[in-house]
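# A structural walkthrough
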Amino acid sequence: QMKDGTKEEYLFLQDLDREHHKFTADFLMRELRTLGDDVSLPGYQVSRLEHSLQTATRAYRDGADIDWIIGGLLHDVGDNLAPQNHDEFAALVIRPFVREEVAWVVKHHGLFQMVYYGEHYGMNPNQREKYKENPFYKSCVDFCERWDQSSFDPDYISESIELFEPMVHEVFARKAYNPAVMKQGVVIGVPQPK
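## Examining the overall build of the chain
Looking only at helices and strands, the chain features nine helices and zero strands. Along the chain, helices and strands appear, N-terminal first, in the series α-α-α-α-α-α-α-α-α. Against the globule reference of 16 Å for 194 residues, the chain gives a C-alpha radius of gyration of 18 Å, in line with a compact fold. Seen along its three principal axes, the alpha-carbon backbone of the chain occupies a region of about 55 × 40 × 35 Å. Buried residues in the chain amount to 43% of all 194 residues. Taking as baseline every contact in the chain between residues at least 6 positions apart, the subset at least 24 positions apart corresponds to 73%.

Here's what the structure looks like:
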C-alpha cells in the first residue's frame with residue numbers, strides 16, 4: 001500500500017520517475033503517429049495525423065514560436081484516448097511545458113471551433129462568446145481560424161513529422177511548471193500574415 005511506503009522507498013521511486021519523465025516526448029510522438037491510423041477520424045479527407053501536421057506547418061510557416069508550433073502539432077493528440085474531451089486532454093499534457101496562453105487555447109479550441117459547425121448539430125455556435133473578456137480569447141479565435149479549421153486540406157503539403165520531432169523533444173525537456181516558460185497572463189498572440 002502507498003501509505004506503508006518509507007521515505008527511502010519513495011526517494012528510490014522518485015529517481016526512477018525522473019528517468020521515466022525523460023521519455024515523455026517519445027511517448028507523445030508514438031501517440032501522435034497513431035493518429036495516422038485508418039481508425040483515427042474516419043470520414044475526413046485527411047487523417048488526424050495529417051491534420052495535426054498541417055496545423056503545425058501553418059504555425060511554423062507563419063513564423064510562430066515553438067510553443068505555438070507544438071500546441072498546433074499536439075492539439076488533437078487526445079482524439080483516440082479522450083474523444084469527448086480531447087482538447088482538455090491535450091492541454092493537460094502540454095500545460096507544464098508551454099506558455100499559459102498556448103495551453104489555454106488548446107484547452108478551449110474545441111468550443112471555439114463550434115462557430116463553424118455548431119448550428120448544424122443544433123448547438124449554439126457562439127458558446128465561445130462567454131470567454132470574450134479573457135485575455136486569450138483573440139489568440140484562440142486566430143488559432144482556430146488561421147491554423148486549425150483550415151487544416152483538413154488533402155492538397156496541402158505539410159512539413160514532415162521528422163521536422164517537428166526535435167521541437168517536441170526540446171519543449172518536453174523543459175523543467176515542468178517553470179514560471180519563466182509558463183509566462184502566466186502574457187499574451188503573445190498568433191502571428192499575423194505578412
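## Section: the packing of helix H3 (residues 48-61) against helix H8 (residues 161-172)
As a packed pair, H3 and H8 sit with axes 11 Å apart at the nearest point and diverge in direction by 70 degrees. One way to sum up the angle between H3 and H8 is to call them roughly perpendicular. Touching Leu 49, Leu 53, Ala 56, Thr 57 and Tyr 60 of H3 are Ile 161, Leu 163, Phe 164 and Met 167, all from H8. Each residue belonging to the contact of H3 with H8 can be placed in one class, and the counts come to eight nonpolar, one polar and no charged.

## Structural notes on the nonpolar core
Residues Leu 32, Trp 68, Ile 70, Leu 73, Leu 74 and Phe 172 are the most contacted members of the largest nonpolar core, which totals 42 residues. Setting aside its immediate chain neighbours within four residues, Phe 172 contacts Thr 24, Ala 25, Leu 28, Ile 70, Leu 74, Val 93, Ile 94 and Phe 97.

## Some points on the layout of surface pockets
Computed from the structure, the largest pocket encloses a volume of approximately 560 Å³. Tyr 44, Arg 48, His 86, Gln 113 and Tyr 117 are the residues nearest the centre of the largest pocket, which is lined by 20 residues in total. Taken together, the elements giving at least two residues each to the lining of the largest pocket come down to H3, helix H5 (86-94) and helix H6 (100-117). The residue makeup of the lining of the largest pocket, split by class, is eight nonpolar, eight polar and four charged. Along its surface, the second largest pocket is lined by 13 residues, and His 21, Thr 24, Phe 97, Phe 172 and Arg 174 are the ones closest to its centre.

## Remarks on the side chain of Ser 52
The topology assignment puts Ser 52 in helix H3. Judged by relative accessible area, which is 0%, Ser 52 ranks as buried. Sequence-distant contacts of Ser 52, defined by excluding residues within four places in its chain, comprise Leu 32, Leu 35, Gly 72, Leu 73 and Asp 76.

## Description of H8
Compared with the 16 Å implied by 1.5 Å per residue over 12 residues, the 16 Å span of H8 between its first and last C-alpha is a close match. Of the residues making up H8, those classed as buried are Ile 161, Phe 164, Met 167, Val 168, Val 171 and Phe 172. On an axial view of H8, the arc spanned by its buried residues comes to 120 degrees, and they lie on one face.

## Observations concerning the packing of aromatic side chains
Here the structure, examined in full by the defined rule, presents 13 aromatic pairs. With 6.4 Å between their ring centres and 45 degrees between their planes, Phe 23 and Phe 27 make a pair best called tilted. By relative accessible area, which is 32% here, Phe 27 ends up partly exposed. Three or more aromatic residues link up through ring pairs in this structure, and these residues are Trp 104, Phe 112, Tyr 131, Phe 136 and Tyr 137. Positioned above the aromatic ring of Tyr 156, the side-chain terminus of Arg 58 is 3.9 Å from the ring centre.

## Some details on the pattern of salt bridges
Counted according to the given criterion, the structure contains 14 salt bridges. Here Glu 19 ties to Lys 22 by a salt bridge, and the two come within 2.7 Å at their closest N and O atoms. A salt bridge links Arg 33 to Glu 165, with the nearest nitrogen and oxygen atoms 3.2 Å apart. Highlighted residues: Arg 33 in helix H2 (residues 24-34) and Glu 165 in helix H8, separated in sequence by 132 residues. Taking relative accessible area as the criterion, Glu 165 reaches 22% and is therefore assigned partly exposed. Counted as one network, the salt bridges with shared partners bring together Asp 65, Asp 67, Arg 99, Glu 101 and Arg 174.

What counts, and where the lines are drawn
- Residues numbered from 1 in each chain as written.
- Predicted model: local features only at pLDDT ≥ 70, side-chain atom pairs only at ≥ 80, totals over all residues.
- Heavy atoms only, no water.
- Helix = DSSP H or I, 4+ residues; strand = E, 2+ residues; numbered from the N terminus.
- Rg over C-alpha atoms; globule rule 2.2 N^0.38 Å.
- Buried < 20%, exposed > 50% of the residue type's maximum accessible area, 1.4 Å probe, protein only.
- Contact = heavy atoms within 4.5 Å.
- Axes fitted to C-alpha atoms, helices over the stretch in contact; angles between N-to-C directions.
- Parallel < 35°, antiparallel > 145°, perpendicular 65-115°, else oblique.
- Nonpolar A, V, L, I, M, F, W, Y, C, P; charged D, E, K, R; others polar.
- Core = buried A, V, L, I, M, F, W, Y, C linked by side-chain atoms within 4.5 Å.
- 1 Å grid on protein atoms, 1.4 Å probe; cavity = no way out; pocket = protein on both sides within 12 Å on 5 of 7 lines; lining within 4 Å.
- Points joined across faces, edges and corners; volume = space filled by probe spheres on them.
- Expected span 1.5 Å × (residues − 1).
- Arc of directions from axis to C-beta.
- Phe/Tyr/Trp six-rings, centres within 6.5 Å; stacked < 30°, edge-to-face > 60°.
- Lys NZ or Arg CZ within 6 Å of the ring centre and 35° of its normal.
- Salt bridge = Lys/Arg side-chain N within 4 Å of Asp/Glu carboxyl O.

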